[in-house]
Amino acid sequence: MNDDEIDLLLGKLDTRQKTRLLTGASTWSTHAEPAVGLRPLTLSDGPAGVRGDTWDERRTSLVLPSPTALAAAWDDELVAELGGLLAAEARRKGVDVLLAPTLNLHRSPLGGRHFECFSEDPLLTGRTGAALIAGIQAGGVAATAKHFVGNDAETDRLTVDVEIDEQTLHEVYLAPFEAAVEAGVLAVMSAYNRVNGVTMSAGSLLSRPLKEDWGFTGPVVSDWGAVRSLLDTARSAQDLAMPGPEGPWADGLLGAVQAGLVPLEAVDDKVRRLLRLASRVGALGEPVQVKRPAQGPSAQRRLLRRAVAAGTVLLRNENQVLPLDPGVLRSVAVIGPHATAVRIQGGGSAEVFPASAVSPLEGIADALRGIAAVTHTPGLPPSGLPRPLDPSWCRDPRDGEPGLLVRLLNASGDELHAEHRLSGRIVEPARVTGASTVELRALIRPPTGGCWTLAVGGWGPISLSVDGRILLEGTFPLDSDDPTRVHVAPPYHRVETDLRAGQEVEVTVTRGLAPGTGVATFLAAAPPPGDQTAALAAAVQAARTSDATIVVVGTTEESESEGRDRDTLALPDGQDALVRAVAEADPRTVVVVNAGGPVTLPWLARVPALLLAWFPGQEAGHGLADVLFGRAEPGGRLPTTWPAAAEDVPVLRTRPTDGVLRYDEGPHIGYRAWLRSGTAPAHWFGHGLGYTSWSYNAIQAPGTVRAGEPFEVRVRVRNTGARRGREVVQLYLARADTAVERPVRMLVGHTAVTADPGQDAVAVVRVGARALAHWSALSHSWESEPGDFTLLGGRSAGDLPLEAVVNLAAPPTC
């Protein structure tokens, strides 16, 4: 539908109908308007999977590797293919608008939500995001570039004022969003935070550069609850306030327009953009049936498995310990709690429920079935942190089936609704009129006896009882207005009690429902603390007596999740000590890190082989086993720099001072900051090994280029190893003699090549039209500084053996 046709439809609506469309109809949908043939649009979280319009573990989703793992692949085609998979999932769940990708940057490694972002580099982030957008939207679903802009940390994210100078804002933080607009993204989400004193849902950046300079024609959707005022947001280029049906616009926008406080023309532009989006996803007018190729479940799992290997980064491989040769193995020790309780995704609003997930232990055991004996030793005692009940060790007291019973009660305690659920984490119980209390009940048969920790998550009046005996009762007031903490991850209220091994007990928790406190209700438990010395000794013995040892370590939901930044870069719960002890017992130990962002590795020099698996999605174990045993090459390269120690990190702080977080480092973040500081990290941005070796032999660049014109650089490499492989060739730009503040060097292009042993390959790297330009705060525009620039080619920001000089010609004079 073209804009003339949309304007005809707009003319059929009165002011009341128009303003009604600009606030959501519910948490995940917009209003319908029969007068113009508009059906509701359904929106869903989705960077690593498509949850749909409800939090229900019975409605499962495919789980992709985390966005950081996608960026680690440095593979636009693969990312686009995975975007198509997301689109298929969205269509299956009736979703029109996917709230992805997240284009904020890894400014500090302490950022708690980095697993949901791609990279520390604006070019890699922009390219990866554009590829994902292309894949999603080719499948008939709208993508949403978020969170515009400056939401690069979680601390005080609703209120923090991020101060960014004009040059840095345009060259670094806005750049990935501009790439998304160039890729045709259909929606943009405004962030919670302020930038330079103005909240983003009322900020002028939504007009310029987003709409006026870049030509973005879709709607700006607010982050959930980010529109907290009326006039400033309504007068801005903010278009849709989510969620609904309540909110400042729902309450007051019509009256403000009628009173002349908000121009009707502004409302018309917002509605026009919403109708344009609806038309593009088939929600306006007669639906058009489009036949799309469908992948079966087996093909989907193969793609996800391939993506795990593609994003896995081989950080270290001394003496070619990897790949392991199954033919010489008779016993393999798999060690670490994460080997069985792998984190396949990050926590928070983007979380989805997988139908199945393959742990590293399961993947390794499958790969070695009939070949070698595979054993697992946790190496650490239980953490003592409560985890939601799951069907493996609880059952519904009403029907006896694995799981638990959820009931909605009225004020008199009468049952209004009951249902069988599969998890003790109930984010959204059924919506039932008259319900005042949520009750969760489960029969638990403890596998071990001793002092157990039982917990209930939620707000307001709460109780927990065991076999009818109340152990916890009280009222716990809301302490935050952060939507994730209120609605997705409320705090646990704990109590300890002695339970006997094998003796079944009935545990009941209740929480009262009060306006503004959410409805999430959790029932969780933690077994008694074990013997740390014995657990470590068992791991050491397993390592000593096995042909190969694989240790899987990682972050936890408590140490890395949405809604809060990290306090430390260290692995939690004694995992560093575990790695040291096991590596001493078996000097050929392989370590796998299961984390969404950088962690410090104080034992790095003691282990010969180190793999970074990120949060690898539901096919984690199979994809990891493919890499460990050489069926697939580890394809990943670091999308963010990994430090040796937190005190070395040049840009670390995420906590505001007096409500302000100043980006004083300017454009120097990530590897750029490391280069300026003169300190070497543990692993440079772009680093990653394969199962072969490469030499960099020649670079060819044009001698002279003109401002605003793209150009190509050719890099000749040779596979000097014994196996076919893939190499990511990276190109960086530097300029020593300059009057402009510039990074020491910055990524300006990359491409991948494959070659057989002894074979040469030529990587053709395209350098974009703006790569040699800079943003001028004087002219408020892009400018060029004529002169010589150095191009550096190689395999990471810290390993660049090839150089060429290109001259940026001065503009012609009249």
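Scroll up for the structure.
Let me sum up the structure you'll find in this document. The shown structure was predicted, so the numbers you read here are calculated from the model rather than taken from an experiment.

1. Here we look at the overall build of the protein
Move 1: If you tally the helices and strands in the protein, you get 18 helices and 37 strands.
Move 2: The C-alpha atoms of the protein give 27 Å as radius of gyration, which agrees with the globular expectation for 814 residues (28 Å, within 12%).
Move 3: The dimensions of the protein, computed from C-alpha atoms along their principal axes, are 90 × 80 × 55 Å.
Move 4: By residue count, 60% of the 814 residues in the protein fall in the buried class.
Move 5: Considering only contacts within the protein whose residues lie at least 6 apart along the sequence, 76% involve residues at least 24 apart.
Move 6: Averaged over its 76 positive side-chain charges, the protein has a centre that lies 3 Å from the centre of its 95 negative ones.

2. Quick word on the state of the cysteines
Among covalent bonds in proteins, the disulfide is the one between the sulfur atoms of two cysteines.
Move 1: In the structure shown here, the tally under the stated rule is zero disulfides.
Move 2: Free cysteine Cys-451: the closest other cysteine sulfur is in Cys-394, separated by 20 Å.

3. Describing the nonpolar core
Most often, soluble globular proteins keep nonpolar side chains buried together rather than apart.
Move 1: Formed by 57 residues in total, the largest nonpolar core has its most connected members in Leu-82, Phe-148, Val-149, Tyr-173, Val-185, Met-200 and Leu-210.
Move 2: Looking at this core, the elements with two or more residues in it are helix H3 (67–72), helix H4 (76–92), helix H5 (122–138), strand S3 (142–148), helix H6 (166–173), helix H7 (175–182) and helix H12 (297–311).
Move 3: It is H4 that provides the largest number of residues to this core, a total of seven residues.
Move 4: Leaving out residues up to four positions away in the same chain, Val-149 has contacts with Leu-169, Tyr-173, Leu-174, Phe-177, Ala-191, Asn-193, Val-195, Met-200 and Leu-205.
Move 5: In this structure, Leu-13, Ala-142, Val-267 and Phe-522 belong to the second largest nonpolar core, which totals 50 residues.

4. Side note on the sheet that holds strand S27 (residues 660–662)
Move 1: The four strands are arranged S7-S6-S4-S27 in an open sheet whose pairing can be described as mixed. Lying at the two open borders of the sheet, with one neighbouring strand each, are strand S7 (198–199) and S27.
Move 2: As paired strands, strand S6 (residues 194–195) and S7 are joined by two bridges and run antiparallel to one another. When the bridges of S7 are listed, Arg-194 appears paired with Thr-199.

5. Observations concerning the sheet that holds strand S37 (residues 802–808)
Move 1: Sheet architecture is open: five strands sit in the order S29-S37-S36-S31-S32, paired in mixed fashion. Edge positions in the sheet fall to strand S29 (704–705) and strand S32 (746–755), since each of these pairs with one other strand and no more.
Move 2: Both S29 and S37 contribute to a ladder of two bridges, which runs parallel. Residue pairing across strands places Val-705 opposite Leu-808, the latter belonging to S37.

6. What about the side chain of Ser-190?
Move 1: With respect to the helices, strands and loops of the structure, Ser-190 is situated in strand S5 (residues 187–190).
Move 2: Classification of Ser-190 by relative accessible area gives buried; the value is 0%.
Move 3: Reaching out from Ser-190, the side chain makes a polar contact with the side chain of Gln-238 at a distance of 2.6 Å.
Move 4: Apart from residues lying up to four places away in sequence, Ser-190 is in contact with Phe-148, Met-200, Ser-201, Leu-206, Val-220, Val-221, Ser-222, Asp-223 and Gln-238.

7. Quick notes on the packing of H4 against H5
Two packed helices can be described by the angle between their axes and the distance between those axes.
Move 1: For the pair H4 and H5, interaxial distance at closest approach is 6 Å and the crossing angle is 40°. On the basis of the axis angle, H4 is oblique to H5. Where H4 crosses over H5, the two elements pack in a sense that is right-handed. When H4 is examined against H5, the residues Asp-76, Val-79, Ala-80, Leu-82, Gly-83, Gly-84, Leu-86 and Ala-87 are found in contact with a partner set consisting of Arg-127, Thr-128, Ala-131, Leu-132, Gly-135 and Ile-136.
Move 2: The residue inventory of the contact of H4 with H5, partitioned by class, reads eight nonpolar, four polar and two charged.

8. Considering the environment of Thr-510
Move 1: Mapped onto the elements of the fold, Thr-510 is located in strand S22 (residues 505–512).
Move 2: In sequence terms Thr-510 and Leu-409 are 101 residues apart; their C-alpha atoms lie 9.7 Å from each other.
Move 3: If we skip the residues at most four places from it in the chain, Thr-510 touches Thr-437, Val-438, Glu-439, Pro-461, Ile-462 and Ser-463.
Move 4: A polar contact of 2.6 Å, which involves the side chain of Thr-510, links it to the side chain of Ser-463.

9. Observations concerning helix H17 (residues 620–628)
Move 1: Within H17, nine of the nine residues are buried, which leaves the element mostly enclosed by the surrounding structure.
Move 2: Looking at the buried positions of H17, the neighbouring elements they touch are H12, helix H13 (360–367), strand S24 (548–554), strand S25 (590–594) and strand S26 (609–612).
Move 3: Among the residues trailing H17, Gly-630 stands out with phi positive, at a value near 80°.

10. Details of the packing of aromatic side chains
Move 1: The full count for this structure, using the stated rule, is 13 aromatic pairs.
Move 2: When the ring of Trp-28 is compared with that of Trp-224, the centres are 5.4 Å apart and the planes differ by 35°; the resulting orientation is tilted. Note that Trp-28 is positioned in the loop between helix H2 (15–20) and strand S1 (43–45) and Trp-224 in the loop between strand S8 (220–222) and helix H9 (231–235), a separation of 196 residues in sequence.
Move 3: The buried category is assigned to Trp-28, whose relative accessible area is 8%.
Move 4: Ring plane angle 80° and centroid distance 6.3 Å describe the contact between Trp-55 and Phe-353, whose orientation is recorded as edge-to-face. In this pair, Trp-55 sits in the loop between S1 and H3 while Phe-353 sits in the loop between strand S10 (331–335) and H13, placing the two residues 298 residues apart along the sequence.
Move 5: Classification of Trp-55 by relative accessible area gives buried; the value is 4%.

11. Digging into the pattern of salt bridges
Move 1: Applying the stated rule across the entire model yields 48 salt bridges.
Move 2: For Glu-178, the salt bridge is made with Arg-770, and the minimal N-O distance between the two is 2.7 Å. One end of the pair, Glu-178, is in helix H7; the other, Arg-770, is in the loop between strand S33 (760–767) and strand S34 (773–776), and 592 residues separate them in sequence.
Move 3: Since its relative accessible area comes to 11%, Glu-178 is described here as buried.

12. A word on H6
Move 1: Burial within H6 is extensive, with seven of its eight residues counted as buried.
Move 2: Listing the buried residues of H6 in full gives Gln-167, Thr-168, Leu-169, His-170, Glu-171, Val-172 and Tyr-173.
Move 3: Those residues of H6 hidden inside the fold are in contact with H5, H7, helix H8 (207–211), helix H18 (671–677), S34 and strand S35 (781–784).
Move 4: For H6, the capping residue at the N-terminal end is Asp-165, with a side-chain oxygen 3.1 Å from the backbone nitrogen of Gln-167.

13. Brief notes about the environment of Gly-384
Move 1: As for its position among the elements, Gly-384 is in the loop between strand S11 (373–377) and strand S12 (387–388).
Move 2: Sequence separation between Gly-384 and Arg-606 is 222 residues, and the spatial gap between their C-alpha atoms is 29 Å.
Move 3: Residues within four places of Gly-384 in sequence aside, it is in contact with Thr-453 and Ala-526.

14. Topic: unusual backbone geometry
Move 1: Val-149 follows Phe-148 through a cis peptide bond whose omega is -5°.
Move 2: Mapping Val-149 onto the fold places it in the loop between S3 and strand S4 (161–163).
Move 3: A cis geometry characterises the amide bond from Gly-244 onward to Pro-245, with omega recorded as 5°.
Move 4: When you line up the elements, Pro-245 lands in the loop between H9 and helix H10 (248–258).
Move 5: Notably, Asp-156 is not glycine yet its phi reads approximately 55°, a positive angle.
Move 6: Within the secondary structure, Asp-156 is located in the loop between S3 and S4.
Move 7: For Asp-573, which is not glycine, the phi dihedral falls at a positive 65°.
Move 8: With respect to the element layout, Asp-573 can be found in the loop between S24 and helix H16 (575–585).

15. Observations concerning the packing of helix H15 (residues 532–544) against H16
Move 1: Where H15 contacts H16, the two axes come as close as 8 Å, and the packing angle between them is 30°. The chirality of how H15 crosses H16 is right-handed. On H16, the residues that touch Leu-536, Ala-539, Val-540, Ala-543 and Arg-544 of H15 are Ala-577, Leu-578, Ala-581, Val-582 and Ala-585.
Move 2: Residue classes in the contact of H15 with H16 are distributed as nine nonpolar, no polar and one charged.

Cut-offs used in this document
Residues numbered from 1 in each chain as written. Predicted model: local features only at pLDDT ≥ 70, side-chain atom pairs only at ≥ 80, totals over all residues. Heavy atoms only, no water. Helix = DSSP H or I, 4+ residues; strand = E, 2+ residues; numbered from the N terminus. Rg over C-alpha atoms; globule rule 2.2 N^0.38 Å. Buried < 20%, exposed > 50% of the residue type's maximum accessible area, 1.4 Å probe, protein only. Contact = heavy atoms within 4.5 Å. Lys, Arg positive; Asp, Glu negative; His and termini not counted. Charge placed at Lys NZ, Arg CZ, Asp CG, Glu CD. Disulfide = S-S within 2.5 Å. Core = buried A, V, L, I, M, F, W, Y, C linked by side-chain atoms within 4.5 Å. Pairing = 2+ DSSP bridges. Polar contact = N/O pair within 3.5 Å; in protein donor to acceptor, adjacent residues only side chain to side chain. Axes fitted to C-alpha atoms, helices over the stretch in contact; angles between N-to-C directions. Parallel < 35°, antiparallel > 145°, perpendicular 65-115°, else oblique. Left-handed = near helix turned anticlockwise from the far one by under 90°. Nonpolar A, V, L, I, M, F, W, Y, C, P; charged D, E, K, R; others polar. Phe/Tyr/Trp six-rings, centres within 6.5 Å; stacked < 30°, edge-to-face > 60°. Salt bridge = Lys/Arg side-chain N within 4 Å of Asp/Glu carboxyl O.

By themselves, these figures tell us nothing about what the structure is for.
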